[in-house]
Amino acid sequence: MSKSLPYSMKDVHYDNAKFRQRSFFKVITQNMLTSNRKRECVKCTTGKFLTLLMICGLAYLMLTRMSSIHPSTDSTAKNAGDQHGEKLIVDGSGRLGRLWRKPPRLPPLLTPDEITSRNRTIHKSGNLNVELDWKARQQRVKEAFIHAWLGYKNYAMGYDELMPLSHRGVDGLGGLGATIIDALDTAMIMGADEVINEAGSWIEKILPERIDGKGQVNLFETTIRIMGGLLSAYHLSGGEQGSNASQNGTKPVVYLENARKLADHLLVAFTSSPSAIPFSDVVLHDRSAHPAPDGLSSTSEVSTLQLEFNYLSSLTGDPKYSLESMKVLEHLKTLPKVEGLVPIYISPHSGEFSGENIRLGSRGDSYYEYLIKVWLQNQGSNLTYLHNMYEESIKGVKHLLVRKSVPNGLVFVGELPYGPQGSFSPKMDHLVCFLPGTLALGATKGITKEKAMRENLLSFEDLENLKLAEDLAMTCVEMYSVTSTGLAPEIAYFNMEGESDSGPGGGNKDSKYAKDIIIKPADRHNLLRPETVESLFFLFRITEDPKYREWGWEIFEAFEKYTKVDSGGYSSLDDVTTVPPQRRDKMETFFLGETLKYLYLLFGDTNVLALDEYVFNSEAHPFPIRGGSRKHRGFQQDKSILS
Ligand code: DMJ
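Residues numbered from 1 in each chain as written. Predicted model: local features only at pLDDT ≥ 70, side-chain atom pairs only at ≥ 80, totals over all residues. Heavy atoms only, no water.

## Considerations on the overall build of the chain
Part 1 of the argument: In terms of regular secondary structure, the chain is built from 23 helices and 17 strands.
Part 2 of the argument: Across the 643 residues in the chain, those meeting the buried criterion constitute 54%.
Part 3 of the argument: Long-range pairs, those at least 24 residues apart, make up 70% of the contacts in the chain with a sequence separation of at least 6.
Part 4 of the argument: When the accessible surface of the chain is split by element, carbon and sulfur atoms take 54% of a total near 28,300 Å². (Helix = DSSP H or I, 4+ residues; strand = E, 2+ residues; numbered from the N terminus. Buried < 20%, exposed > 50% of the residue type's maximum accessible area, 1.4 Å probe, protein only. Contact = heavy atoms within 4.5 Å. Areas by Shrake-Rupley, 256 points an atom, 1.4 Å probe, with all protein chains shown as cover.)

Okay, here's the thing in structure tokens:
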């Protein structure tokens, strides 16, 4: 096991050098240099003027000569220019005229308001055309969403999930129509009106009786997907602005009433437990709670309920939801940890952690995510302990879990399956790819890096976390690039042994990291998971680096190529390392709830659902932040591409 840490003060300072504040000495010397240069310019003599004139003449001759050598290129350029409505000022009379073109005109049909709104979103390094390309790509994501919905609606309406190959539905999550509710706020964000209508009317007519009548559901899954989806649908449809009739039929209050009804059924998981740790399952029709077969709850599951229950309390004015769920975090605060890291199981009977297995993949992941997000949701209130727990845990991650692969040094997060005294496992679930986004969010609290630097808001720790976020995001993207399909496996291992025995790869021999990433046969499946595109979305919003959009687009194209099912919907894959890949007969609800939502937001207006105004729950359902520094503006769709 490598003992050396992948980060040093030097790395972080180097990476952020351009943002560092200039010292007083530097400011003085730079000013002197600038004014010297200015003085030199003024002293321009006649000799210098003549030399300049000669250089201009030579340049003109060279330009006109080059043009006559490439007449065909010239005419292509002219045609292209004409197509875009450009005209030469000196038409056909000399090549010099081509140097002075009128600037291209803005596309027609934009109102002054729209122009202003678009200009605001144009990335500094880009231009209007580049931004319009992203709008077109965003539209492609919306089309994918409609295709996924149509498959579900035609073959599985009312079931939890679509089986896109056998054209059936399946209730894998307890039978509350999970795809409908998980997809609804994505449809609202995209302005997909038909989907909003169909989902809204199903929720109004069918959901209440399902909540009363269905059997066993998992507390965590039902909270993040169903309650979370209903609450954000309530907000996005204008419920908090007092709108009592959405334009699409279903009143916002229907979503809130259903969320509350569901929460009233779920509360028993907390209230019947002998400790502050809730049981993992609830039987809806008799409102009873039960532990999982082994008696244990997952640490991530019990700590990933609070955003939803807190928001419900604030909407209803009834504190009981928040009180019950926050007891969990208050209790977790008191438990012994390993440098802020926690085992992945916890007993609702004793309230103690069980075993020593530490990881940020399954059963561990969103514990770390909600520490910072619940703190962000409740800024201004007395939840500093959550921020402290988050900071300590990230230090622990960096010290105990972050390593670099050989031969090419990909930064990854491994596991400690036998605790800190046991051996390190270089295994990383795709689920861990939520971490880059959460790290970036935790560093700047949702504002751009540039703004945070300008206002001197980032500590060394924040900068280091941001750097780690960027490195890990690249690793997650390489988990896609290393395979033949361009899609990531469920689990990857990283080579720490040297070049000789790197084991089975992902099938893309051209990948620079073919030897760094090992994919075992049992881990080659892809479930259409969102974590990498989620992190790309957060990192793009925060760093404004367009490479994150480009990476997201490559992933979207791979989903389109290998997972789209002609008859409707998208399928999971059994093996991402072979082409064509074997398909798996399941479309997870989070493909509509998370994956396509994050891709859509990644390519769109950065003011929509701003990260310092909204916090996204673990299933990508956005809730407004209260008490934040900024006055809440309410949700506004990105109107420019709505069809
Ligand atoms: C989602 O249901 C949530 O993001 C959860 O927290 C973890 N996994 C899935 C998606 O992969």
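Having put the structure on the table, let's press on.
## Points about the site of the ligand
Part 1 of the argument: Neighbouring the ligand are Phe-220, Ile-224, Arg-225, Leu-431, Arg-529, Pro-530, Glu-531, Phe-590, Glu-594, Ser-618 and Glu-619.
Part 2 of the argument: Here Glu-531 contributes a side-chain N or O atom positioned 2.6 Å from an oxygen atom of the ligand.
Part 3 of the argument: Within the side chain of Glu-619, one N or O atom sits 2.6 Å away from an oxygen atom of the ligand.
Part 4 of the argument: For the ligand, whose unbound accessible area comes to 290 Å², protein coverage reaches 92%.
Part 5 of the argument: For the shell around the ligand, the secondary-structure elements that each account for two or more residues are helix 10 (219-236) and helix 23 (589-602).
Part 6 of the argument: Counting residues per element, the shell around the ligand draws most heavily on helix 10, which supplies three residues. (Near = heavy atom within 4 Å. Polar contact = N/O pair within 3.5 Å; in protein donor to acceptor, adjacent residues only side chain to side chain.)

## A few points about the confidence of the model for the chain
Atom-level detail of predicted coordinates should not be read off regions where pLDDT is low.
Part 1 of the argument: Scored by pLDDT, the chain comes out at a mean of 84, with 77% of its residues at no less than 70.
Part 2 of the argument: Long-range and interchain partners of residues 13-47, a stretch whose pLDDT sits below 50, account for 14 contacts in this model, where long-range means more than four residues apart.
Part 3 of the argument: Counting contacts from residues 63-124, a segment whose pLDDT is below 50, to residues more than four positions away or on other chains yields 41 contacts. (pLDDT = per-residue confidence, 0-100.)

## Points about the sheet that holds strand 6 (residues 297-298)
Part 1 of the argument: Reading across the sheet, the three strands line up as 6-7-8 and stay open at both edges, with antiparallel pairing between neighbours. Each having just a single partner strand, strand 6 and strand 8 (353-354) make up the two edges of the open sheet.
Part 2 of the argument: Summarising the sheet, strand 7 (residues 345-346) and strand 8 pair through two bridges and their orientation is antiparallel. Paired with Tyr-345 across the strands is Ser-354, a residue of strand 8. (Pairing = 2+ DSSP bridges.)

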